[in-house]
Amino acid sequence: MEKKNLSQQTMERLYNEIVVEKRIGAGEKLPNELELSEKMGVSRATLREALRMLIAQGILEVRRGKGTFVSEQVNEIEDFGFSDLRRLRGQLRDLFELRAIFEPSAARLACRRATKEEREEILRCGAAVEQCIWRGEDRTAADREFHAAIVRATHNEFMMRLLPMINQAVAAAIVSAEHEAELAEDTLRDHALLMDFFRKEDESGAEHAMAIHLHHALAVLGLAEKAQSAD
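To keep things clear, this report deals only with the structure shown in the data block. (Residues numbered from 1 in each chain as written. Predicted model: local features only at pLDDT ≥ 70, side-chain atom pairs only at ≥ 80, totals over all residues. Heavy atoms only, no water.)

Attention now moves to the overall build of the protein. Along the backbone of the protein there are nine helices and two strands. Each helix and strand of the protein, ordered N terminal to C terminal, gives the series α-α-α-β-β-α-α-α-α-α-α. Across the 231 residues that make up the protein, the buried fraction comes to 46%. Considering only contacts in the protein between residues 6 or more positions apart, those separated by 24 or more positions represent 72%. Of the roughly 12,500 Å² of accessible surface on the protein, 50% is carried by carbon and sulfur atoms. (Helix = DSSP H or I, 4+ residues; strand = E, 2+ residues; numbered from the N terminus. Buried < 20%, exposed > 50% of the residue type's maximum accessible area, 1.4 Å probe, protein only. Contact = heavy atoms within 4.5 Å. Areas by Shrake-Rupley, 256 points an atom, 1.4 Å probe, with all protein chains shown as cover.)

In this section: helix H9 (residues 203-220). End to end, H9 covers 26 Å across 18 residues, agreeing with the expected 26 Å (1.5 Å per residue, within 8%). Two or three places before Ser-204, at the opening of H9, Asp-202 has a side-chain oxygen 3.3 Å from that residue's backbone nitrogen. Trailing H9 by a residue or two, Gly-222 shows a phi angle of about 70°, which is positive. (Expected span 1.5 Å × (residues − 1). Polar contact = N/O pair within 3.5 Å; in protein donor to acceptor, adjacent residues only side chain to side chain.)

Attention shifts here to unusual backbone geometry. The phi dihedral of His-155 is positive, around 55°, even though this residue is not glycine. Inspection of the secondary structure puts His-155 in the loop between helix H6 (140-152) and helix H7 (157-174). Positioned with a positive phi, Glu-201 is a non-glycine residue whose angle comes to about 55°. Tracing the chain through its elements places Glu-201 in the loop between helix H8 (180-200) and H9.

Below, the discussion takes up the packing of aromatic side chains. Centre distance and the angle of the planes are the two values used to describe a pair of aromatic rings. Going through the model one piece at a time under the given rule, you end up with zero aromatic pairs. One residue, Arg-63, lies across the ring of Phe-69, its end atom 4.0 Å from the ring centre. (Phe/Tyr/Trp six-rings, centres within 6.5 Å; stacked < 30°, edge-to-face > 60°. Lys NZ or Arg CZ within 6 Å of the ring centre and 35° of its normal.)

For Ala-192, the location among the structural elements is in helix H8. Here Ala-192 falls in the partly exposed class, since its relative accessible area comes to 34%. It is 9.6 Å that separates the C-alpha atoms of Ala-192 and Leu-123, two residues lying 69 residues apart in sequence. Those residues within four positions of Ala-192 in sequence are excluded, and the remaining contacts are Glu-130 and Thr-187.

What follows is the structure, encoded as structure tokens:
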């Protein structure tokens, strides 16, 4: 718990420097890992975890062979209140609830409307998520692309407009080190089931598989609402 808190605190400090205080501008390169960890007064392992969270949120990006940079789109990122963790948790709960309403229906429509090429793209993206998990790599970008491929296949303009907001705000939850192992295990199982229904062009199956996937995420993250007693 102590390590998680320190990583979270480090992430918030960097977030504030970049997004709120604008000390590091869009497109600027961050200092190297050793220099930055010394500046922040944390271990390199703690720093890496904090950077991973910011990369998942789209605030930072890694350029191979060049280093870590502030995203060019950072000025477009809304401040979702990372300085207030209680507020953030409430927002994540609300957003996952929105996903639980929105994405199962999107999966049903996508299964019905997807072209052959779109169906193949959904399956390809799903396989990419699996490969990231098996290799122990960050799967955030691949996971978002998988869900985006499904939403694109709905051919519904307003569903597609909801996707960027959901991707951006939910990123903070899916990089949680505390839950990653369990989330990854659920993702492997749930995505396999979901892709099987897409292969079979089973609309109802795809809808229920997506609902189960999001229910698992809500439960693992501790965001699920407890059922009210009949008494």
